Amino acid sequence: MDKPKIVIDGKTYTPNSPKMKVWREFLAFFDEDKQDMALEEYLDRNVDLIVLAFGQKVITKESIDENMEVADIVPLVREIFLWLQSLTFSKLVKIPNGETEPVTSS
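Residues numbered from 1 in each chain as written. Predicted model: local features only at pLDDT ≥ 70, side-chain atom pairs only at ≥ 80, totals over all residues. Heavy atoms only, no water.

By size, the foremost hydrophobic cluster in this structure holds 25 residues, and its most contacted members are Ile6, Phe26, Ile50, Phe54, Ile59, Ile64 and Ile80. The set of elements that each furnish at least two residues to this core consists of β1 (6–8), α1 (20–31), α2 (39–54) and α4 (73–92). Per element, the largest residue contribution to this core is eight residues, and it comes from α4. Apart from residues lying up to four places away in sequence, Phe54 is in contact with Pro4, Lys5, Ile6, Tyr13, Thr14, Pro15, Asn16, Ile59, Leu76 and Ile80. (Core = buried A, V, L, I, M, F, W, Y, C linked by side-chain atoms within 4.5 Å. Buried < 20%, exposed > 50% of the residue type's maximum accessible area, 1.4 Å probe, protein only. Helix = DSSP H or I, 4+ residues; strand = E, 2+ residues; numbered from the N terminus. Contact = heavy atoms within 4.5 Å.)

Once that is clear, we can look at the pattern of salt bridges. Throughout the structure, instances matching the rule amount to two salt bridges. When the shortest N-O distance is used, the salt bridge between Glu32 and Arg45 registers 2.7 Å. One end of the pair, Glu32, is in the loop between α1 and α2; the other, Arg45, is in helix α2, and 13 residues separate them in sequence. With a relative accessible area of 30%, Glu32 lands in the partly exposed category. According to the relative accessible area criterion, Arg45 is partly exposed, its value standing at 26%. With its nearest N and O atoms 3.1 Å apart, the salt bridge here joins Lys61 to Asp48. Of this pair, Lys61 sits in helix α3 (residues 61–67) while Asp48 sits in helix α2, and the two are 13 residues apart along the sequence. (Salt bridge = Lys/Arg side-chain N within 4 Å of Asp/Glu carboxyl O.)

Moving on to the environment of Leu84. Structurally, Leu84 can be placed in helix α4. Not counting chain neighbours up to four residues away, the residues in contact with Leu84 comprise Pro18, Val22, Trp23 and Phe26.

What follows is the structure, encoded as structure tokens:
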């Protein structure tokens with residue numbers, strides 16, 4: 001899966017390699033019950049996740065507010081989460097299964 005992209009002041013950015021904190025914050029957010037969350041808080045939390053995921057000084061709440069359409073916020077967060085999942089699961093499939101016997105030649 002391609003890295004998500006964001007355009008700030010005409011320049012395109014991709015997220016830095018994610019650290020565990022990014023994964024934990026995204027998981028917590030997507031596991032949280034948002035039924036009673038106000039729309040403004042919901043959008044602010046999405047913007048916070050974007051800022052965290054990109055991890056670059058130029059990507060701030062203010063720069064997102066000035067450069068992104070409101071309708072693009074939630075889809076970008078979902079795209080970032082899918083990207084994080086794809087990175088995580090691609091690494092997990094490479095971990096050897098301890099239950100299988102090593103192949104030996106006769």
